[in-house]
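Remarks on the overall topology
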Amino acid sequence: MGKIPHPGRGANFVHPKYGPVWATGHLGDETIALIGTDPVKHKANAWKMVQSLKGQGGGSLFLKTHPKSHHLYVDTPLNPDPKISQSVAVFDIRNLDKGYTVLPIAEWAGINDGGAMRVVQPEFNKAGDEVWFAVWSAKDKQSALVVVDDKTLKLKTVIKDPRIITPTGHFNVYNTQHDVY
């Protein structure tokens, strides 16, 4: 495991080589640990770290995927480098060794008021074809929600409103109730 893992919900998916895994990021370094979770069909890999991915940097809080997606989204809102804390890394689960693609979520939000604009908490819609990100700033600065098309990794829309203040906790109720992670 890496330095200071974030023991949050993480992300569950079927690894092409190791079967079902749970992924977790780290606060203290750029690694993403993949841990085997199937003691029946993949007994040799169960409850062991089967792979370590290198992400953008430390400071990761949330990882997310969906059964209908082949992407793993990794945020890094606690990283001190704004270029890293204002973007997300996206891995292709079908080919994890090729590295990640960076999505400039805060840039897409179009906020220019000097706020921190930390990008946090990827959250899929029920259909698994959109991912929502919070662009989190101070309570007296503008924040936003940015919606990305999961298939194309392109911007779909930006939601801004004075009532959106430090948006976190934008959980999809259906996905949470049915453990879609």
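Up top is the structure.
Quick summary incoming for the structure in this document. (Residues numbered from 1 in each chain as written. Predicted model: local features only at pLDDT ≥ 70, side-chain atom pairs only at ≥ 80, totals over all residues. Heavy atoms only, no water.)

The next thing to look at is the pattern of salt bridges. Taken as a whole and assessed by the stated rule, the structure comprises five salt bridges. Asp92 is the salt-bridge partner of Lys98, the closest N and O atoms lying 3.9 Å from each other. Across the salt bridge formed by Arg163 and Asp161, the nearest N and O atoms sit 2.9 Å from each other. The class for Arg163 is exposed, based on a relative accessible area of 71%. Since its relative accessible area comes to 24%, Asp161 is described here as partly exposed. Among the charged side chains, a network of salt bridges with common partners joins Asp92, Arg94 and Lys98. (Salt bridge = Lys/Arg side-chain N within 4 Å of Asp/Glu carboxyl O. Buried < 20%, exposed > 50% of the residue type's maximum accessible area, 1.4 Å probe, protein only.)

Counting buried positions over the five residues of strand β7 (residues 88-92) gives five, a clear majority of the element. Residues of β7 alternate between two faces, with Val88, Val90 and Asp92 on one and Ala89 and Phe91 on the opposite face, all of them buried. Sheet analysis places strand β6 (residues 71-75) next to β7, joined by five bridges and oriented antiparallel. Looking across to β7, one finds that Val74 is bridged to Ala89. Two strands pair when backbone bridges link them, and β7 and strand β8 (residues 100-103) are joined in this way by four bridges, in the antiparallel orientation. Following the sheet pairing, Val88 is matched in β8 by Leu103. (Helix = DSSP H or I, 4+ residues; strand = E, 2+ residues; numbered from the N terminus. Pairing = 2+ DSSP bridges.)

Right, let's talk about the environment of Ile164 for a bit. Note that Ile164 resides in the loop between β12 (154-159) and α3 (173-177). Along the sequence, Ile164 and Ser60 sit 104 residues apart, while their C-alpha atoms lie 23 Å from each other. The contacts of Ile164, once residues within four sequence positions are left out, are Ser143, Ala144 and Ile159. (Contact = heavy atoms within 4.5 Å.)

The strand order across the open sheet built from four strands is β1-β2-β3-β4, with neighbouring strands paired in antiparallel fashion. Edge positions in the sheet fall to β1 (11-15) and β4 (49-54), since each has one partner strand and no second. The sheet shows a mean angle of 30° between the axes of neighbouring strands, taken without regard to direction. (Axes fitted to C-alpha atoms, helices over the stretch in contact; angles between N-to-C directions.)

Negative phi is the rule for most residues except glycine; trans is the rule for most peptide bonds. A positive phi angle, close to 60°, is found at Gln121, a residue other than glycine. Within the fold, Gln121 resides in strand β9 (residues 118-124). On the accessibility criterion, Gln121 (1% relative accessible area) is buried. Even without being a glycine, Leu153 presents a positive backbone phi close to 60°. With a relative accessible area of 15%, Leu153 lands in the buried category.

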